[in-house]
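Observations on the three-dimensional arrangement
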Amino acid sequence: MIPYGRQEISDADVEAVLTVLRSDFLTQGPSVPAFEKSVATACSAAHAVAVNSATSALHIACMALDLGPGDWLWTVPNTFVASANVGLYCGADVSFVDVDPQTYMMCPDALAEKLEIAEKAGTLPKVLIPVHFAGQSAAMDRIGALAQQYGIRVIEDASHAIGASYLGAPVGNCAFSDITVFSFHPVKIVTTAEGGVATTQDAELARKMELFRSHGVTRDPASMTGEPLDGPWAYEQVTLGYNYRMTELQAALGVTQMTRLEEFVERRNILARRYETLLAQVPVTLPFQSRDSYSALHLYPIQVANRAEVFERLRAAGIGVNVHYIPVHTQPFWRARGFDWGDYPVAENYYKNAISIPLYFGLSFDEQDQVVASLLEAIDV
Ligand SMILES: *Cc1c(COP(=O)(O)O)cnc(C)c1O
């Protein structure tokens, strides 16, 4: 089976993890700060906070922005469920903004329209989470401008987009947002097995997220209440946090993985350009490439007629295709909360014909040719 995505692990990665296993610290040692530094540097961000998943990173990002009961979080339906779930973790209400038919990402026009209505109704969101679908940045210039106009905080869900850039600057520099979140799940660009990072330019937001990831407990006098301490051993719990820490094993893997970030993204771009050539005459719709963006190309989602049949034929031919995404609002859990088919027609239309074909660092040209040949057979041209 040629999978739709796969991690790339080098001998250096293996050695790095073994070295940590033989060291004094399996958690809370030097590797986590080193990994955070490598991500912050790659993103031109002042701060990076590493946690055990992107979902945790999204959660503490929402908490740092004070999202809570009575507030609204808006995201897109064309995403993994985590982008929406984190709003509920905070006790907030969640709604969605439909996507653009070309980019499959948050549509700035739909956002502007929904904001106008929400302003009149007094239901403006506190937090907006656009998603950089498939590794390309959403239209952050317009989204950021609207957020500023209405006084809304922005978290970029860049789970797909480490190594991408937008308007000539790296995704994660938070030029149009408060916080950017990356995932290091094995299917993403760079992996720590499980892991996430939140980047920000704001020292106060970083400090809050560091508290929330570890029980709300601190040993840093700057984060303490100022009450007299019992002694040099003292730590204080100053808020309610979680145990969302990343281990040293994961962080060490992340450090060696990050040294190959450019190589990883370049290879994905080479394979994508090759798909464009190989599929140029084939009746499928290829992913849109914005001129504002250098995509990290986490996914290669195409549009095909008879998706169900094509999917089954490709799977039978040993091609591990997948579908990204079933619109979040159509999941049973969200329908039970009042959403339904028809609510976000653009995301639903995209979903009907969507299929992600294999794209990952280790995909050989031969394997890619095999994917294309199987696709041609499956769509019967
Ligand atoms: C993978 C993913 C997440 C969750 O990442 P985890 O690290 O698995 O928690 C969130 N949002 C999007 C868009 C994703 O693709």
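Residues numbered from 1 in each chain as written. Predicted model: local features only at pLDDT ≥ 70, side-chain atom pairs only at ≥ 80, totals over all residues. Heavy atoms only, no water.

Looking at the overall build of the protein chain
Going by this rule: Only runs of H or I of at least four residues qualify as helices and only runs of E of at least two qualify as strands under DSSP, and these elements are numbered from the N terminus. Each radius of gyration reported is based on C-alpha atoms, and the globular scaling rule is 2.2 Å times the count of residues to the power 0.38. Exposure categories follow from relative accessible area, calculated using a 1.4 Å probe and restricted to protein chains: below 20% of the type maximum is buried, above 50% is exposed, and the middle band is partly exposed. Whether two residues touch is decided by their heavy atoms; if any such pair falls within 4.5 Å, the residues are in contact. Using the Shrake-Rupley algorithm and a 1.4 Å probe, accessible areas are obtained, with residue cover drawn only from the displayed protein chains. Think of it this way: Lys and Arg go in the positive column, Asp and Glu in the negative one, and His and the chain ends go nowhere. One atom stands in for each charge, and that atom is NZ of Lys, CZ of Arg, CG of Asp or CD of Glu.
Each helix and strand in the protein chain was counted, giving 13 helices and 16 strands. Computed over C-alpha atoms, the radius of gyration of the protein chain comes to 21 Å, within 12% of the 21 Å expected from 2.2 N^0.38 for 381 residues, which places it in the range of a compact globule. Seen along its three principal axes, the alpha-carbon backbone of the protein chain occupies a region of about 75 × 60 × 40 Å. When the 381 residues of the protein chain are sorted by exposure, 55% land in the buried category. Sequence separation of at least 24 residues holds for 73% of the intrachain contacts in the protein chain that already meet a minimum separation of 6. Accessible surface, the protein chain as shown: approximately 16400 Å² in total, 52% of it carbon and sulfur. One way to put it: in the protein chain the 26 positive side-chain charges average out to a point 2 Å from where the 43 negative ones average out.

Digging into the packing of aromatic side chains
The cut-off we apply is this: We call Phe, Tyr and Trp rings a pair once their centres come within 6.5 Å, taking the six-membered ring for Trp, and we label the pair stacked below 30 degrees between planes, edge-to-face above 60, and tilted otherwise. By definition, being over a ring means that NZ of Lys or CZ of Arg is both within 6 Å of the ring centre and within 35 degrees of the ring normal.
Using the criterion set out here, one finds 15 aromatic pairs in the structure. When the ring of F96 is compared with that of Y344, the centres are 5.8 Å apart and the planes differ by 70°; the resulting orientation is edge-to-face. With F96 in strand β4 (residues 93-96) and Y344 in the loop between α11 (332-335) and α12 (345-353), this residue pair connects regions lying 248 residues apart in the sequence. The pair formed by F96 and Y344 is uniform in burial state, with each residue classed as buried. Positioned over the ring face of W74 is K114, at 4.9 Å from the centre of the ring. Of note, R274 hangs over the ring of F365, and the distance from its end group to the ring centre comes to 4.2 Å.

Quick look at the pattern of salt bridges
We apply this condition: In the sections that follow, a salt bridge refers to a side-chain nitrogen of Lys or Arg positioned within 4 Å of a carboxyl oxygen of Asp or Glu.
For the structure shown, the criterion picks out 11 salt bridges. The salt bridge partner of R213 is E36, with a shortest N-O separation of 2.9 Å. Placement of the pair is R213 in the loop between α7 (203-212) and β11 (217-218) and E36 in helix α2 (residues 31-43), with a sequence separation of 177 residues. The exposure class assigned to E36 is buried, which follows from its relative accessible area of 10%.

Here's the deal with the domain arrangement of the protein chain
Spelled out, the test is: All the domain ranges listed were derived from an automatic or database domain assignment. Accessible surface is computed with a 1.4 Å probe, and the buried area is the amount of it that two parts give up when combined, taken over both parts together. Polar contacts here mean pairs of N or O atoms no more than 3.5 Å apart (in protein, one a potential hydrogen donor and the other a potential acceptor; neighbouring residues in sequence count only if both atoms are side-chain atoms). Three classes are used, and their members are as follows: Ala, Val, Leu, Ile, Met, Phe, Trp, Tyr, Cys and Pro are nonpolar, Asp, Glu, Lys and Arg are charged, and the others, Gly among them, are polar.
We note that the domain assignment places domain 1 (2-258) and domain 2 (261-378) within the protein chain. Of note, the centres of domain 1 and domain 2, computed from C-alpha atoms alone, are 25 Å apart. At the junction of the two partners, domain 1 supplies 46 residues and domain 2 supplies 49 residues. In this assembly, domain 1 packs against domain 2 so that about 4100 Å² is buried in total across both faces, 64% of it on carbon and sulfur atoms. If you look at where domain 1 meets domain 2, you find 0 salt bridges. Seen at the junction of domain 1 and domain 2, the total is 22 residue pairs in polar contact (both at pLDDT 80 or more). Only β1 (2-3), α4 (82-89), β4, β7 (165-166) and α8 (248-258) provide two or more residues apiece to the side of domain 1 that touches domain 2. Residues belonging to the side of domain 1 that touches domain 2 are distributed by class as follows: 26 nonpolar, 14 polar and 6 charged.

Quick notes on the packing of helix α9 (residues 261-278) against helix α13 (residues 365-379)
Filter applied, for reference: Whenever a helix is involved, its axis is fitted only over the stretch in contact; in every case the axis is a line through C-alpha atoms, and angles between N-to-C directions fall within 0 to 180 degrees. Definitions for this section: a left-handed crossing has its near helix turned counterclockwise from the far helix by less than a right angle. A right-handed crossing has that turn clockwise.
At a closest axis distance of 11 Å, the pairing of α9 and α13 adopts a crossing angle of 40°. Of the two elements, α9 crosses α13, and the hand of that crossing is right-handed. Across the interface between the two elements, R267, I270, L271, R274, Y275 and L278 from α9 touch F365, Q368, D369, V371 and V372 from α13. Considered class by class, the residues forming the contact of α9 with α13 number 7 nonpolar, 1 polar and 3 charged.

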